[in-house]
Each structure stands twice: as structure tokens, then as C-alpha cells.
Amino acid sequence: MTRNDRSLCVKSAPLMETGQLHAAEASLRQALRLRPGFFEALSDLGAVLLMMGRVSEAPAVLQQALGLRPDSPEVLANLANLLELDEQVEQALQLYQRALTARPDSPDVLAKQAELLEKAGRLDEARDSLARGLALDPEHPLLNLVTARIDRREGRHAEAAARLEATLVRSMSESTRGEIHLLLGQIYDRLGMTERVLAHLVEGKRRTAAAADPEGAGQRRFLAKIDASRAWASARLPDSAGALPPSPDSPIFLIGFPRSGTTLLEQVLDSHPALQTLDEKPCAAVMEQTFLALTDGGPAALADLSGEQVLALRQAYWEEAGRHVTLRPDVRLVDKLPLNTVRVPLLWRVFPEARFILAIRHPCDVTLSCLMQSFGPNEAMAGFISLEGVAEIYAQVMGAWREFAERLPLRTHRIRYEDLVTDFEAEAGRLLSFLGVRWDDAVLDHTRHAREKAVITTPSYHQVTQPLYRHARYRWRRYERELAPVLGLLRPFIEYFGYAEDA
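Caption draft 1: Structural detail: helix α13 (residues 217-232). Between its terminal C-alpha atoms α13 stretches 23 Å, which fits the 22 Å expected from 16 residues at 1.5 Å a residue. Taken together, the buried positions of α13 are occupied by G218, F222, I226, S229, R230 and W232. Looking straight down α13, one finds its buried side chains confined to an arc of 160°; they lie on one side. The inward-facing, buried residues of α13 contact α15 (283-294), α17 (344-350) and α19 (387-407).

Caption draft 2: Just the pairing of strand β1 (residues 252-255), in detail. Neither face of β1 is open: one carries I252 and L254, the other F253 and I255, and all of them are buried. Pairing of β1 with strand β3 (residues 332-336), which is carried by 3 bridges, proceeds in the parallel orientation. Following the sheet pairing, I252 is matched in β3 by V334.

Caption draft 3: Looking closely at the nonpolar core. Counting residues in each nonpolar core, the largest one holds 133 residues, and the members touching the most others are F257, F356, V397 and M398. Of all the elements, α19 adds the most residues to this core, at 11 residues. Not counting residues up to four positions away in its chain, the partners in contact with F356 are F253, I255, V344, L347, W348, L410, R411, T412, H413 and F434. In this structure, I357, L420, V421 and F424 belong to the second largest nonpolar core, which totals 22 residues.

Caption draft 4: How the structure looks around the packing of aromatic side chains. As enumerated under the stated definition, the model contains 11 aromatic pairs in all. Relative to F291, the ring of W232 lies with its centre 4.9 Å away and its plane at 85°, an arrangement referred to as edge-to-face. Of this pair, W232 sits in helix α13 while F291 is found in helix α15, placing the two residues 59 residues apart along the sequence. Residue W232 is classed as buried on the basis of its relative accessible area, which comes to 4%. Classification of F291 as buried rests on a relative accessible area of 0%. Measuring from ring centre to ring centre gives 6.2 Å for W318 and F351, while their planes differ by 80°; the resulting arrangement is edge-to-face.

Caption draft 5: Representation of the sheet that holds β3 within the structure. Spatially, the 5 strands line up as an open sheet ordered β2-β3-β1-β4-β5, and their pairing is parallel. Of all strands in the sheet, those bounded by a partner on one side alone are β2 (275-279) and β5 (411-416). In this sheet, neighbouring strand axes are inclined to one another by 20° on average, regardless of whether the strands run parallel or antiparallel. Sheet strands touched by helix α16 (residues 307-324): β1, β2 and β3. Its angle to β3, the strand with the most contacts, is close to 85°.

Caption draft 6: Layout of the pattern of salt bridges. As enumerated under the stated definition, the model contains 33 salt bridges in all. One salt bridge connects E320 with R323, and the closest N-O pair in it is separated by 2.8 Å. Of this pair, E320 and R323 both sit in helix α16, separated by 3 residues, roughly a single helical turn. Among the charged side chains, a network of salt bridges with common partners joins D124, R127, D151, E154 and R156.

Caption draft 7: Region of interest: the confidence of the model for the protein. Considering every residue of the protein, the mean pLDDT works out to 88; 90% of them sit at 70 or more. The model gives residues 1-5 a pLDDT under 50, and that stretch makes 9 contacts with residues more than four places away or in other chains.

Caption draft 8: Expanded view of the side chain of D189. With respect to the helices and strands, D189 occurs in helix α11 (residues 174-190). For D189, a relative accessible area of 3% gives the class buried. Of note is the side chain of D189, whose polar atom sits 3.1 Å from the side chain of R475. If we ignore the near neighbours within four places in the chain, the residues touching D189 are V197, M372, R475, R478 and Y479.

Caption draft 9: Layout of the packing of α19 against helix α24 (residues 487-496). Their axes nearest at 9 Å, the elements α19 and α24 cross at an angle of 40°. One element, α19, and the other, α24, form an angle in the oblique class. In the crossing of α19 with α24, the sense of the turn from one axis to the other is left-handed. Judged by residue contacts, A391, E392, Y394, A395, M398, G399, W401, R402 and A405 of α19 engage L489, L490, P492, F493 and Y496 from α24. Of the residues that constitute the contact of α19 with α24, the class distribution is 11 nonpolar, 1 polar and 2 charged.

Criteria and cut-off values
- Residues numbered from 1 in each chain as written.
- Predicted model: local features only at pLDDT ≥ 70, side-chain atom pairs only at ≥ 80, totals over all residues.
- Heavy atoms only, no water.
- Helix = DSSP H or I, 4+ residues; strand = E, 2+ residues; numbered from the N terminus.
- Expected span 1.5 Å × (residues − 1).
- Buried < 20%, exposed > 50% of the residue type's maximum accessible area, 1.4 Å probe, protein only.
- Arc of directions from axis to C-beta.
- Contact = heavy atoms within 4.5 Å.
- Pairing = 2+ DSSP bridges.
- Core = buried A, V, L, I, M, F, W, Y, C linked by side-chain atoms within 4.5 Å.
- Phe/Tyr/Trp six-rings, centres within 6.5 Å; stacked < 30°, edge-to-face > 60°.
- Axes fitted to C-alpha atoms, helices over the stretch in contact; angles between N-to-C directions.
- Salt bridge = Lys/Arg side-chain N within 4 Å of Asp/Glu carboxyl O.
- pLDDT = per-residue confidence, 0-100.
- Polar contact = N/O pair within 3.5 Å; in protein donor to acceptor, adjacent residues only side chain to side chain.
- Parallel < 35°, antiparallel > 145°, perpendicular 65-115°, else oblique.
- Left-handed = near helix turned anticlockwise from the far one by under 90°.
- Nonpolar A, V, L, I, M, F, W, Y, C, P; charged D, E, K, R; others polar.

And the structure:
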């Protein structure tokens, strides 16, 4: 290794620690240009790409690094993290075990293993990993963070808060510090210590969400997608589907806005024997990419699609769906991805017979809850770093929905989170009737169904495995003063979705 190689790799380490991921990537790529087989740079670059959410680019880099050092605990753990994101839990745990075989005294690997086990609900195994790790390093930030998550699951909120506050004084990565702040905000909310909540949430968001998109480019791309979709929903579009071949096996699209109860609904529907769900997979995104490759993407592109092109788009959708789930011919597929709301014109144009379930929750509660959660790096949620940022994106997304619902002959069923958790059986019955399937008592046992799932990757993974609870209904009322600056943006939707009457 030359002195220049070494200096570039040393330079990237503090950039990674402080969340300057784009700068770290540039430094590591420069090191690799000087020395293409530089293991340390490949390993760190794979980690950086993973932290930035660029999961399509990270595997090749990490596999190249693993080829140089097949027993590298760091590379094995990062590859395990990729498998975890793809819900391949057992394969991920096998890689974590390989990493621990190579380095049994690694608190970092034990922490990542425990984190996955906790998300999968395998709490006894998670505690074993945590005990081993904390015996090696009692102050390890991620080990303490995962321990606090288990404390939260089991109702030990005061103990969790004390642990996290003590951990914050230690040195750690920006992403872990951000996760600790977010968890503290959630726990202080449960403890009723409202005055402490927002400061932790904003600080957590600043450290987690902003690191991967420091210039706001991702948010701008997402808002541009909304504008394009609005343009596609032109006056001509409703007349464009008349000559299409029917699509009797059309998916059911579960849409809305994040934190509106879509994960709960997905578990309820997946428990029904006549339905199977697809949880936040990029089927519609892949179909959209195919659409843009087939057309110029202009305002008339969607209306002008030929029947042959529509069939090609259907094929692209189903091929991608088949990558993520074994499609069963005797059941209907429910595609749950809240922000597919912005793709409704495309989804309707390709699948005119599709049914849309619109999950609704009070806009103020949605805004507050989005600030409370860590969603990982993606374009839409890069702007979820303040109440103002969440409210602006909410207004754009749901404003687009209002236009689509007015212009297109959609088959739609609205379901409000507040109604579902207070009158579950009646609301679930109306939903199943809309979908054309008979009532089945299996939906009453959706929490058991959720617990049997390998892993739930959405932020509410620890909630949907619990019996229905109501403490999150109208939580926003405790934060009316803090929400006052965004009420102007949210009020039209409070009225549109019928919440003004609830006041």
C-alpha cells in the first residue's frame, strides 16, 4: 500500500463516522482508482453504499472484497445486512455466524446479529447475543440501542430511556446516534414527557435522514415524479383504457401515506386464505422504469400507450413480483407500498380493473409519526427531517391523490386507521366485501400471523405483532402547539378525509 492509498483510506473513516457519506465515497473511489484491488477501500465502499441505501451497487463491491478476504467479519456482516434487507433472515444469520467464527469477540457483529434477531421477534436469541457482546464491551452503542428496543417491547420505558441517555455521551457513528435520538423521542412520548420528544426526534432525523441526501436531491427527484404523474393523468387518460385486453388477475394496491396503518392492514389481509401480500417491493417502480424506457415520458405518454405496450408493462410487473413471492393462482395479490399513491395513473392505465385500498389516518398524526420513525435512505423520505418537511410532502402526495380520484374511474375503498382499531371486525368486513372475498375468522388472528413472519421490515415491525392498541389515536393533540406552523398545509386534508367533524 502506498502512502497516498493509506491516507485516502484513513481520510474516509472520519467521514463515515460523521455521516459525510458522499465525501467518503469519493475518497474511497479515488483510492480504488489508484489501486483497484485495495481490500480496505472495497470493504469500506461497500459499507458506505449500504448506508446510503444503494443496495443494487453494494453487493458487487462487497463480493469483490470477500474474494480477497473470504473470512473478513466486516464484509460478511455487511453482506448479511443486504440479505436482511431482502428478508432472507436465515441466510443473513448464517453469514453473521461465519463472521463470528472468524472473530468470536466482535461486539460489532454480535450487535448486528442481535439487531436482526430482535426485528425477527426472536428475543431469547437476541438477548444471548447482547449478553455476549455487552460482556466484551458494556458501553457499545449499538448493543445498548438494541437492548433498549427490547426494553421498549416489554414495557420498560424508563429503563430504556436511562440506558439510551447514558449511551449518548459515548463516541459512535452518526447513524447510530440518530437512531438513539429517535428511539428516545418515541420512549419519552410513551412516558408522557412531551416536552422532551420533539428535540430528540428532530436531532435523530437530522443525523439519519440527511446523511444520505445532504443536498436534498432525492427529495427534489421525488417531487418531480409527482409532477410527472399529475401530467400523465390528463383529460384524455380516462378514455384510453377502453380497447385494452381485460386483466382479471389485477393486483390489489394498498396505498396511502407512510404511518397510516398500511402495515397493520397488510398483516390482516395476508392472514386471509384467499389473499397474499407483497410488502413494499419495487414491482410498480420496475414497471414505471419499463414505461419510461418504452416512451418519452411526456404528458401524453400514458394515454398514448398501445395495447402491446400495456401487455409488456403487465409482464414487467408480474416478473418482478415473482422475484419476491411465489405467486399462487388461487389467490389475489395485495401489493402494499404506501407511496405507490403517486403512481396511481400508471397503475390504473396498466390494470384498469385494479382495486385500490386507500389507508387514511389523521394528517397531524401521520406527520408526527413520520418524524418519529427511521425509514432508511430513499428519495421520498429524505425530506422527513422536520414537521414542515413531512407536511409538505404529505400535501403533495395526497393532493395528487385527490386529483387522481377526481379524474379517473378508480375502484377505491378508504379505510381510516382510527376506525379500524376501534371497530376492527366491522371495518375488516367492509374491506373484504370490497375485495370480493368472504369473511374468514383468520383475519381476527392477524397478530399471530405477523409473529410467524420471518421479519417485518417496516418501522412498525414491533407494533403489528402486538394486539390492537389505541394509544396512538389522536396523539397529535398533545403536540398542537408544535404542529401549529403546519396546520395550514394539513387542514385541507383534515377536512377532505372527514377529521374536522371528529374535532
